[in-house]
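One letter stands for each residue in the lines below.
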Amino acid sequence: MELSDLYSQKILDLAGNAQQPPRLADPDGSARKVSRVCGSVVEVDVVIADGVIKGYGHAVSACALGQTSAAVVAREIVGTPVGAFRDLRVQMHAMLKENGAPPAGKWSDLGFLEPVRDYPARHLSTLLVFDAVVAAIEKAESAESLAAVR
């Protein structure tokens, strides 16, 4: 498969028609992840209540693969339990690095990224948004723990 074959019409459509939720003014957690390989940057904000992601915003400067991941996340993340998102991140890493199955249900469009597994140099940009969201969740949980101690 040629590298250009990765960029299927569905991936280009998802990336090109992506929602761009604005950064949040008062997030519970934020994170920034950068791919040193390609220069992609993803910055995310989350609001969490009762273990569920209630708000999400991002700024994405990435290739079509990173944009596609971010587009699906932006479309589906609100209302997702924190644990389920962590599981999704593990599943995406497994799909690309261990020939794991693609996500199902509301996350099934991420399956269009399955061919990326044959291009290890593209894994990081594809996974950037998942790593950023989990880092933002961890910051939110850490801040919540500190607030509970006070």
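Every value quoted in this text rests on a predicted model; they were computed, and no experiment measured them. (Residues numbered from 1 in each chain as written. Predicted model: local features only at pLDDT ≥ 70, side-chain atom pairs only at ≥ 80, totals over all residues. Heavy atoms only, no water.)

J.: So what about the pairing of strand β3 (residues 52-61)? Which residues, and what values?
T.: As defined by bridge partners, strand β2 (residues 41-49) adjoins β3 across nine bridges and the pair is classed as antiparallel. Among the inter-strand pairings, Val47 is bridged to a residue of β3, identified as Gly55. Here β2 hands over to β3 after two residues, with Asp50 in that stretch at a positive phi of 55°. (Pairing = 2+ DSSP bridges. Helix = DSSP H or I, 4+ residues; strand = E, 2+ residues; numbered from the N terminus.)

J.: Describe in detail helix α3 (residues 82-97), supporting the description with residues and values.
T.: With 16 residues, α3 should cover 22 Å at 1.5 Å per step; its first-to-last C-alpha distance of 23 Å lies within 8% of that length. Those residues of α3 not exposed but buried are Val82, Phe85, Leu88, Met92, Ala94, Met95 and Leu96. Remark: Asn99 follows α3 within two positions and exhibits a positive phi of approximately 55°. (Expected span 1.5 Å × (residues − 1). Buried < 20%, exposed > 50% of the residue type's maximum accessible area, 1.4 Å probe, protein only.)

J.: With reference to specific residues and values, describe the pattern of salt bridges.
T.: Under the counting rule described, the total for this entry stands at eight salt bridges. When the shortest N-O distance is used, the salt bridge between Asp131 and Arg89 registers 2.7 Å. Here Arg89 lies in helix α3 and Asp131 lies in helix α4 (residues 123-149), a separation of 42 residues in the sequence. Because the salt bridges share partners, they merge into one network encompassing Arg23, Arg32, Glu43 and Asp45. (Salt bridge = Lys/Arg side-chain N within 4 Å of Asp/Glu carboxyl O.)

J.: Please provide a residue-by-residue account of helix α1 (residues 9-16), values included.
T.: Those residues of α1 that fall on the buried side of the exposure criterion are Ile11, Leu14 and Ala15. One face of α1 carries all of its buried residues, which in axial projection span an arc of 95°. Turned more than 90 degrees away from the buried face of α1 sit Gln9 and Gly16, all of them exposed. Where α1 is buried, its residues contact α2 (64-76). (Arc of directions from axis to C-beta. Contact = heavy atoms within 4.5 Å.)

J.: Kindly report on the sheet that holds strand β1 (residues 29-34), identifying the contributing residues and their values.
T.: By definition, the strands of a sheet pair up through backbone hydrogen bonds, in either a parallel or an antiparallel sense. Judged by pairing direction, the sheet is antiparallel, and its three strands sit side by side in the order β1-β2-β3 without closing on themselves. The sheet is open, and its two edges are formed by β1 and β3, each paired on a single side. The sheet shows a mean angle of 15° between the axes of neighbouring strands, taken without regard to direction. (Axes fitted to C-alpha atoms, helices over the stretch in contact; angles between N-to-C directions.)

J.: How would you summarise the pairing of β1 if you had to cite specific residues and measurements?
T.: For a regular strand, side-chain orientation follows a simple rule: the groups alternate between the two sheet faces. Pairing of β1 with β2 involves six bridges; the strand directions are antiparallel. In the sheet register, Val34 faces β2, and the bridge partner there is Val41. Here β1 hands over to β2 after six residues, with Gly39 in that stretch at a positive phi of 85°.

J.: Tell me about the packing of aromatic side chains, and please be specific about residues and values.
T.: Summed over the entire model, instances satisfying the criterion amount to two aromatic pairs. Ring centres of Phe85 and Trp107 lie 6.1 Å apart, and the angle between their planes is 75°; on these two criteria the pair is classed as edge-to-face. Of this pair, Phe85 sits in helix α3 while Trp107 sits in the loop between α3 and α4; the two residues are 22 residues apart in sequence, bridging distant segments of the chain. The buried category is assigned to Phe85, whose relative accessible area is 0%. (Phe/Tyr/Trp six-rings, centres within 6.5 Å; stacked < 30°, edge-to-face > 60°.)

Distances and angles like these do not, on their own, reveal function.
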